Amino acid sequence: MRSLWILLTFSLLLGCDWRAFDDLSATATVQVLDAPEQYSGTMFGQVATHLLDSAGKKVPGLVLIGGQGNGSFALLDFRKGQQPKTLSLAVELSHSFTVEALVPLVAEGSNYRFASSSLSTVSLFTLTETEAGFTLTLLNTIERADVEGLGRNILPLGTPYGEDLALASADQVFLQRGATELLTPLPTEGLTLPPTGGATLNVPFLGRLTVDGSELLAVGGSAEHEGSQRWAVRFVDLDHWEQSFTLHGSDKTPGSAVLSLLLVDLNNDGIRDLLVGVEQRVYLFLAQEGTQGVPFTQEPNLIFSSPEQHLGELLAVGDLDGNGRLELLSADPNYSPGPGRDNLGCVALFLIDLTTAGQGSTIPPALELFANSKEKKFGSSLVTVPSSTLPGQEELVVGGENSSYLFYLTGLPGDNAPADDPRNHPL
C-alpha cells in the first residue's frame, strides 16, 4: 500500500511545506497547509470549497476553508506570483460557529459570496478583496429552531446570487425562496436521506439540472424497491411538484444508499450527467433523450470501484492534467487500513474514458492517495480549482481534520514529469 508521509516541519508563517512524495515521485507533489497563526478555530481543513466569479466560473487560486469556533473561516491563496498562504478571515458572529456545509454562490460584481451551515443556522456571507486584504461580511441568516440539522446540505437554485436555495435537514428538503420563510418540504415521500454517519461534512446529496426548460432538483437517498432497501435518486420538477421520477439501484447496481452525487456535463452536450456515489462504487449515468422527462436510464454507463474503500462518500471532478477531459476524484475520509489506524482516510483518482461508456465497464483507480498515522479524515473535502500557473489545468485541494493539502498531480497521461512541472518550482 502506498502511503502519504506528511512532514511535520513546516513554516507557520506561510502555512505550507513543499515536498515531493517519496513513493509517488513520478505522480505528485504535495504542499501541506496548516492553519494561519491568527486562526482561532479548530477542525481546520475538514470543509473547503472553491469560489465563483460573477459569471459563475471557478476563481483560480482561491479556496475557502471552514472550521469550528469564532474564527471559523480561512482563505487559501495560491494565485500566480504569490507564495501559497492561508489567511484568517475575521467576522462578527453572535455565537461559536461550526462549519458543516460550505457552498459557493455566484459573485455579485467583485464580491465573492458563499453560504455556510452549522446544522442549526444557515448563514450567507460576502468576501471582498481590497488593497488592505480580504473583508468577510455576514449578510443574512436563516434559522428554524423546529428543524433538526438545518443546512445539512445547501444547493443554490437557478437565481443569480443564491436568493433561492434548497436546504436539507436531517430528514427533509425545503425550498427557501428569497427572504421568505421555509416553504412546505419537497415531495420526497418514501425517500430516506443519506445516513448522518460517515463523511457528514460538506457532502452533496442534492443536485440540479435543467431539462427542456424545466428545473429539476435531484435528491439522493434510499428507498424500498423490488423487495429491498436500495439507493435512490428522486428528481422533482420545481415548478410541477407532482411530476417526479426516481432512479433506483438494482441487483446490477448494488448499494443501499446514495452517499454523494454530482451533476456535471462530461461530454459537452449541454445536459448534465449524473454521478452517484454508493459505498464502494460510483455509477456514471450519461444524459440521454426521451427517458420519461429525466434523461437517465436505469443502467449506468460506467462503474468506478475500489473494493477496499467506501469511495462513494465524497465526489469531485476536475481537469487535473489539462487534456480537456475531466477526471473523477472520490474519497473515503473514514478509511481505516488496520488496527490502531482508524479514520485515516484516502482519495482515489479515476480517468473517465467515455469511449467505453455504455458498456457498463468497471474502472479501477488510476491513482490512490493515503494518509499516514499522523493524519485523520484525509479526504473530508475535495476541491478542484483552476491553476494560476498552467492555463486549462486544475489543482486539487484535499481537506483533513486539522490540515489541508494542495496537490499538484503530475505524471498522468499527457502531463509533465514532476521535474519539468513549473508548479514544483515555486517563486
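Residues numbered from 1 in each chain as written. Predicted model: local features only at pLDDT ≥ 70, side-chain atom pairs only at ≥ 80, totals over all residues. Heavy atoms only, no water.

Trainee: Can you lay out the sheet that holds strand β15 (residues 206-211) for me, pointing to particular residues and giving the numbers?
Mentor: A sheet is described by the order of its strands in space; here four strands give the open sequence β15-β16-β17-β18, paired in antiparallel fashion. The sheet is open, and its two edges are formed by β15 and β18 (244-248), each paired on a single side. In this sheet, neighbouring strand axes are inclined to one another by 30 degrees on average, regardless of whether the strands run parallel or antiparallel. Bridge count for β15 against strand β16 (residues 214-225) is six bridges, and the pairing is antiparallel. (Pairing = 2+ DSSP bridges. Helix = DSSP H or I, 4+ residues; strand = E, 2+ residues; numbered from the N terminus. Axes fitted to C-alpha atoms, helices over the stretch in contact; angles between N-to-C directions.)

Trainee: Describe the side chain of Thr246, naming the residues involved and giving the relevant values.
Mentor: Inspection of the secondary structure assignment puts Thr246 in strand β18. When neighbours within four sequence positions are excluded, Thr246 is seen to be in contact with Ala232, Val233, Arg234 and Gln298. (Contact = heavy atoms within 4.5 Å.)

Trainee: Kindly report on the confidence of the model for the chain, identifying the contributing residues and their values.
Mentor: Summarising the model, the chain shows a mean pLDDT of 80, and 80% of its residues fall at 70 or more. Of the regions scoring below 50 in pLDDT, residues 1-26 engages in 72 contacts with residues more than four places distant in sequence or in other chains. (pLDDT = per-residue confidence, 0-100.)

Trainee: Any chance you could break down the pairing of strand β25 (residues 346-351) for me, citing the residues and the numbers?
Mentor: Burial analysis of β25 places five of its six residues in the buried class, the great majority of the element. In terms of strand pairing, strand β24 (residues 327-332) meets β25 through six bridges, oriented antiparallel. Directly across from Ala331, in β25, lies its bridge partner Val347. Summarising the sheet, β25 and strand β27 (residues 367-370) pair through four bridges and their orientation is antiparallel. Within β27, the position partnered with Val347 by the bridge is Leu369. (Buried < 20%, exposed > 50% of the residue type's maximum accessible area, 1.4 Å probe, protein only.)

Trainee: Requested: an account of the pattern of salt bridges, with residues and values cited.
Mentor: A full pass over the atoms with the stated rule returns nine salt bridges. The shortest N-O distance in the salt bridge between Glu394 and Lys58 comes to 3.3 Å. Placement of Glu394 in strand β29 (residues 394-399) and of Lys58 in strand β4 (residues 58-69) is noted, with a sequence separation of 336 residues between them. The salt bridge involving Asp164 is made with Arg177; its shortest N-O contact spans 3.0 Å. Residue Asp164 is found in strand β13 (residues 164-168), and its partner Arg177 is found in strand β14 (residues 173-177); the two are separated by 13 residues along the sequence. Exposure remark for Asp164: the relative accessible area of 12% places this residue in the buried category. Each of Asp77, Arg79 and Glu129 takes part in salt bridges that share partners, so that together they form one network. (Salt bridge = Lys/Arg side-chain N within 4 Å of Asp/Glu carboxyl O.)

Trainee: Which residues make up the nonpolar core, and what values go with them?
Mentor: Counting 22 residues, the largest nonpolar core has Trp231, Val233, Phe235 and Phe296 as its most contacted members. Only β15, β16, β17 (228-237), β18, β19 (260-264), β20 (273-278) and β21 (281-285) provide two or more residues apiece to this core. Leu89, Val91, Leu136 and Leu201 belong to the second largest nonpolar core, which has 21 residues in total. (Core = buried A, V, L, I, M, F, W, Y, C linked by side-chain atoms within 4.5 Å.)

Trainee: Run through the packing of aromatic side chains, naming residues and quoting values.
Mentor: Summed over the entire model, instances satisfying the criterion amount to eight aromatic pairs. Among the aromatic side chains, those forming a connected cluster through ring pairs are Phe73, Phe114 and Phe125. (Phe/Tyr/Trp six-rings, centres within 6.5 Å; stacked < 30°, edge-to-face > 60°.)

Trainee: Could you give me a rundown of the sheet that holds strand β26 (residues 361-363), with the residues and numbers involved?
Mentor: Here five strands make up an open sheet; going across it, the order is β19-β20-β21-β22-β26 and the pairing mixed. Whereas interior strands pair on both sides, the edge strands pair on one side only; in this sheet they are β19 and β26. Within the sheet, the average angular offset between the axes of one strand and its neighbour, ignoring direction, is 20 degrees. Direction of pairing for β21 relative to strand β22 (residues 302-305): antiparallel, over a ladder of four bridges. Across the sheet, the residue bridging to Leu284 is Leu302, located in β22.

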